Each structure stands twice: as C-alpha cells, then as structure tokens.
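Survey of secondary and tertiary structure
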Amino acid sequence: MSSGKVKKVETTPFDGQKPGTSGLRKKVKVFTQPHYLQNFVQSTFNALPSDQVKGARIIVSGDGRYFSKDAIQIIIKMAAGNGVRSVWVGQNGLLSTPAVSAVVRERVGADGSRSSGAFILTASHNPGGPNEDFGIKYNMGNGGPAPESITDKIYENTTKIKEYFTVDLPDVDITKVGVTTFSVEGGTFDVDVFDSASDYVKLMKSIFDFESIRKLLSSPKFSFCYDALHGVAGAYAKRIFVEELGAKESSLLNCVPKEDFGGGHPDPNLTYAKELVARMGLSKSNTADEPPEFGAAADGDADRNMVLGKRFFVTPSDSVAIIAANAVEAIPYFKTGLKGVARSMPTSAALDVVAKHLNLKFFEVPTGWKFFGNLMDAGLCSVCGEESFGTGSDHIREKDGIWAVLAWLSILAYKNKENLGGEKLVSVEDIVRKHWATFGRHYYTRYDYENVDAGKAKELMASLVKLQSDLSEVNKIVKGIRSDVSNVVNADEFEYKDPVDGSISKHQGIRYLFEDGSRLVFRLSGTGSEGATIRLYIEQYEKDPSKIGRESSEALGPLVEVALKLSKMQEFTGRSAPTVIT
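Predicted model only: the values in this text are computed from it and were never measured.

On a plain count of helices and strands, the chain comes out with 18 helices and 27 strands. A compact globule built from 582 residues would reach a C-alpha radius of gyration of about 25 Å, and the chain, at 24 Å, matches this within 12%. Dimensions of the chain, computed from C-alpha atoms along their principal axes, come out at roughly 75 × 60 × 45 Å. Counting the 582 residues in the chain, one finds 58% classified as buried. Sequence-distant contacts in the chain: of pairs separated by 6 or more residues, those separated by 24 or more amount to 73%. Side chains of the chain give 70 positive and 73 negative charges; the mean places of these two sets differ by 1 Å.

Here we take up the sheet that holds strand β17 (residues 362–365). The strands that make up a sheet are held in pairs by hydrogen bonds between backbone atoms, and each pair lies either parallel or antiparallel. The strand order β17-β16-β18-β19 describes an open sheet built from four strands, whose pairing is mixed. Each having just a single partner strand, β17 and β19 (390–393) make up the two edges of the open sheet. Here the average twist between neighbouring strands, direction ignored, is 15 degrees. Pairing geometry for strand β16 (residues 341–344) and β17, over four bridges, is parallel. For Ala-342, the partnering residue across the bridge sits in β17 and is Phe-363. Against the sheet, helix α11 (residues 350–358) engages β16 and β17, with an angle of about 165 degrees to β16. Helix-sheet contacts for helix α12 (residues 369–377) involve β16, β17, β18 (383–386) and β19, and the interaxial angle to β18 is about 170 degrees.

With that settled, the discussion passes to the domain arrangement of the chain. Domain assignment breaks the chain into domain 1 (3–196), domain 2 (200–439) and domain 3 (441–581). Between the C-alpha centres of domain 1 and domain 2 the distance comes to 30 Å. Taken together, the contact between domain 1 and domain 2 spans 36 residues of the former and 32 residues of the latter. At the boundary of domain 1 with domain 2, total buried surface from both sides reaches about 2600 Å², with 56% on carbon and sulfur atoms. Our enumeration of links across domain 1 and domain 2 arrives at two salt bridges. As a salt-bridge pair, Glu-398 and Lys-137 come within 2.8 Å of each other at their nearest N and O atoms. In this structure, the connection of domain 1 to domain 2 is made through 14 residue pairs in polar contact (both at pLDDT 80 or more). Where the side of domain 1 that touches domain 2 is concerned, the elements lending two or more residues are α4 (97–106) and β7 (133–139).

In the contact formed by helix α10 (residues 316–330) and α11, the axes pass within 8 Å of each other and the chain directions differ by 15 degrees. By the angle class used here, α10 and α11 are roughly parallel. As α10 packs across α11, the resulting crossing turns out to be right-handed. Residues Ser-317, Asp-318, Val-320, Ala-321, Ala-324 and Ala-325 of α10 form the contact with α11, whose own contacting residues are Ala-350, Leu-351, Val-354 and Leu-358. Its residues assigned to classes, the contact of α10 with α11 comprises eight nonpolar, one polar and one charged.

What UniProt calls "domain: Alpha-D-phosphohexomutase alpha/beta/alpha" (unreviewed entry) maps, in this numbering, to residues 17–164, 199–308 and 317–417. In residues 17–164, the share of helix is 34% and the share of strand is 20%. The end C-alpha atoms are 16 Å apart. Secondary structure within residues 317–417 divides into 47% helix and 16% strand; the distance between the first and last C-alpha atoms comes to 26 Å.

About the cut-offs
- Residues numbered from 1 in each chain as written.
- Predicted model: local features only at pLDDT ≥ 70, side-chain atom pairs only at ≥ 80, totals over all residues.
- Heavy atoms only, no water.
- Helix = DSSP H or I, 4+ residues; strand = E, 2+ residues; numbered from the N terminus.
- Rg over C-alpha atoms; globule rule 2.2 N^0.38 Å.
- Buried < 20%, exposed > 50% of the residue type's maximum accessible area, 1.4 Å probe, protein only.
- Contact = heavy atoms within 4.5 Å.
- Lys, Arg positive; Asp, Glu negative; His and termini not counted.
- Charge placed at Lys NZ, Arg CZ, Asp CG, Glu CD.
- Pairing = 2+ DSSP bridges.
- Axes fitted to C-alpha atoms, helices over the stretch in contact; angles between N-to-C directions.
- Domains from an automatic or database assignment.
- Buried area = accessible area lost by both parts, 1.4 Å probe.
- Salt bridge = Lys/Arg side-chain N within 4 Å of Asp/Glu carboxyl O.
- Polar contact = N/O pair within 3.5 Å; in protein donor to acceptor, adjacent residues only side chain to side chain.
- Parallel < 35°, antiparallel > 145°, perpendicular 65-115°, else oblique.
- Left-handed = near helix turned anticlockwise from the far one by under 90°.
- Nonpolar A, V, L, I, M, F, W, Y, C, P; charged D, E, K, R; others polar.
- UniProt positions renumbered as here; feature names shortened; annotations may be inferred.

Here you go:
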C-alpha cells in the first residue's frame, strides 16, 4: 500500500475563474497553466460544507476530452489532500454527465455509503483537443449542478486563494476496474474505478419498457441510426442499443470516444452532425440510399440530443412537448401521471400548450438545469427541456440525451404496437404533424453568433434594453421594417423568482412579445470558452391547420428580418450571418 503526506502548496489567484451556467470553461492552454486547475478545485472544496469533503466519497470523471486524464489524477491527489475518504472514477475516466447524476443518486458503495457530489470534466458541446476547450463543474448530492449559492462561493474563493492541498501519490490506472487503497497520514484513501455504463443502463431499464422497444427495432420496416459524434455517449450506445435492444452495430456512427471528438464539433444540430444529417436525407446533396426511419445524435458529454425522422427534423422545443404529451401512455416510469412540466425561457411555448391541455403544473425558468433540479427536488416537475437540445426528467438532475432517444423510441413503439405487421409504420413525422394538428405549431429557430467581441455584445444587449422603454417607438421601427408583423405588446428582461427557495435570478434574457403570440428573445450564452455568444430566438405560433405545413424559413422570414434590424446585429457584431442556425 502506497502512502503519502498532505502537502500545502502556495498559489496566487487567477482572474476570471467564475463558473457559468455549466461550470468553468476555458481553452486547454488556460487550464494547463501551473496551479490553474488546482486553484479552482481547492476553491470548490473550500466552498462545500465540510461534511461533504472530510471523510466523504466523491466522483471524478467526464467526457474524455483532451486533458481529462491528467486532470483526474490531479483531482484524485487533491481529494486525498483535503480529507476525502474515497473517489469513484468511471473506467477510462469516462462518465456521461447524466450518468454522473445517476451514479450520485443511485450507486451505493461496499460500506453502504453514497457519494456526496462529483467533479465533472466536460465542456459539453464545445470542441476538444490541445487547442480547444476544457471544462469542470461540480454537482451536488442530489446529482444536480451546484446552485448559485455554491458557485458564488467558489468564485469568491478563487479571487483570494493562497494555498491548496495535495498528496504525492502514484497515478492510478483508470483503465482497469478495481480499488486502489493508499495510506494518507494514518488513514485510508480509496480510488474505486468502476464500469462506466452498468449503473446507467440499470436505471434506463427501470424507466422504459425495453421489450417493446426491442420489438420495434426488430421490425423489418424500422431502421435506426445513432451518432455519438465521438463523444462519451459511445461508451453507452453499444451496451444499450445493440446489446440490450438488438439494433445492428452498423446503426451506430462515431461511437468510439476520442479526446478531440474526431476533430469535429460535438454539438448535435443540423450544422455539426453532418454525417447523420446526410444519412437521414436532410442534407442538400441527395443520397441514393433510403434514409432510416429514426435517427439521433448526442453531444460530447451525452446530455444533449437531436432527434430526426426520415427527411424530417424535430425541433427540441417540439420534442419535449411531444414527450410530455405521450409520456403517461408510452413510458412506464410515468404511468401514474406527471407532477408538472417546465421549460427554459427561450424554449418555444409548445410545452405551455400541452400543459394547459393536460391541466399540468407549468414553469418557465432561466437557462440552466439547476433551476429544473429545484422543481424536481420539490416534487413539482416530471418532464422538462431546453431549446438547446436538452431534454430530461426527474429520474436524475441533468438533461439526458440517451433518455430522450429512449423516450422517442418508446413513443414510436407505443404508436406502432398494433401495427408492426402492417403495411406502414407510424413515423416520426406522423407523430409530429398529428401533434401540430392537435396543439398548433410553434415555428421556431435560433441564430447563434459565436466568439463575438464581448464589449460589442454587451452594447447590443444594452441597446435592446433601452429600446424597451418606449414601445410606441419600437412598433414604429418594426412597422418600418415589416408592415405585416404584429405589434409588440410587452418587452422586458426576464427575471425569475424560484418558487422553491425564493432566490431571484435577474438579467436572464431580453424579450419582445408580440400581439399574435410571436416572440423575439436575445440572450448572452454562458457556455462559451472565450468571447461572447449572442443567441437570438425567433418564434411564431400558428393555430390555423391550413398554415401549419409551411416551411419554417417562410413562416419566420418576416420576424427574422425584424429581429436583425431592430437589434442592429450586423452593426454591433460585424457579422452578416450567424455562425449556426438551429
């Protein structure tokens, strides 16, 4: 048994170690500076209640991006230096963000104890590699992201840190399952490397009817495709879709996790998931092959998802609404009913209409999964989602990309349970169009302007806030741009008072609400690693059945023109087009 003594290392603060909506994200070259990662980790330990550190068990794993393996060894040694009793690590350092949440909530150690929290090493959908992004965030004992009360303390600690604690221990072999025990100043310190997928697979099997999904996948009329974009979802895809559900291994794309995500951008949208988009018949170049009936993609840490039908894209806003509308019938976990539903403010109001129709509690929250977590912990919310390709439920406290795919497969299995021998299966497109016919259609798009000069981005937002003081002037500008767009009846900066803990979150996005139910929303994203990302959300609600079949670009064209000119987007950013359209 190796042994070591706690060592105190002197350090000085770094500027800008403020966690965003999903932790701290910077370029790898920033994180690899001497003491940089250590400062943030020590500041986190210092921010946590002492009983969640001293003698506790924590998890350290992530999406496998570049620098993760080094970071895991650093954090293991610092955990020992701060009095942590045991660290759990997913084999090869891999755990998806939803799997971490599941392990925190579900896994029990040999001594009967659970983990008190987790360091997740991920920058989510951001690129990876030596010149790309790295990230770290802390999740609490409920499996959800640390609340602002903790992240504020972490940041405060980073501004005044003078020392951190570590132990000179040999590196742990994280490629092999097993327990390594060390002696640290008379006590024992364990590192338990465990199978990355088993706990998560067990949880999924308790939620969904795998037998009904297996029957669907075995139908000769049904074909399936899943693209992990070389992210951590690949560690689960073969186990779940092939071994458990019987899908062909050829239906898996890019399911080998790579440190640089194969040189791609692991963001599951129509821009970056190019191979899947082409296979599903949605690319501009025609393919000779018949597309699969169902396709899906994941991001780097597998908490986001994109759902596609044959030559058909399902918006994330529609996806969560359709899951909520069908959950009780199609998913055993929800057979006793939904407690409530929630969406992030920029997400379309499709879920609102379902909630009203089903008489469900409904909540509109700021962007950031921790707000959903509060509602779930209080028993107020069962299903929730964000327009940024995040969907989930109260089975964990993170969004869950594979869960969303299994939810859709469950709905397809339910809709086709009497039809597997029929001439034609009920398709993804059939389900979506029937939903629109019942609830109306929310035409929706998002424009991302990435790596914009931060100062110019703030000027743009300030300009939009200033405009809101005079709606008559706003409407004069709007009518001057497009006379066929209805009047703005309300405009504000979204502010949220949490119904559970009473906390208030201000400056969560700028909204322009139109008389016909249309919306324009402008937001600065907190998920980038440098510069600023401006996100523009455009939504048009249509109840007329004769108008729900239009192309989104046609339906949204007038509002897009108004949004770009009202905000003076090109003038402030110097961009004639967005980086990404979703």
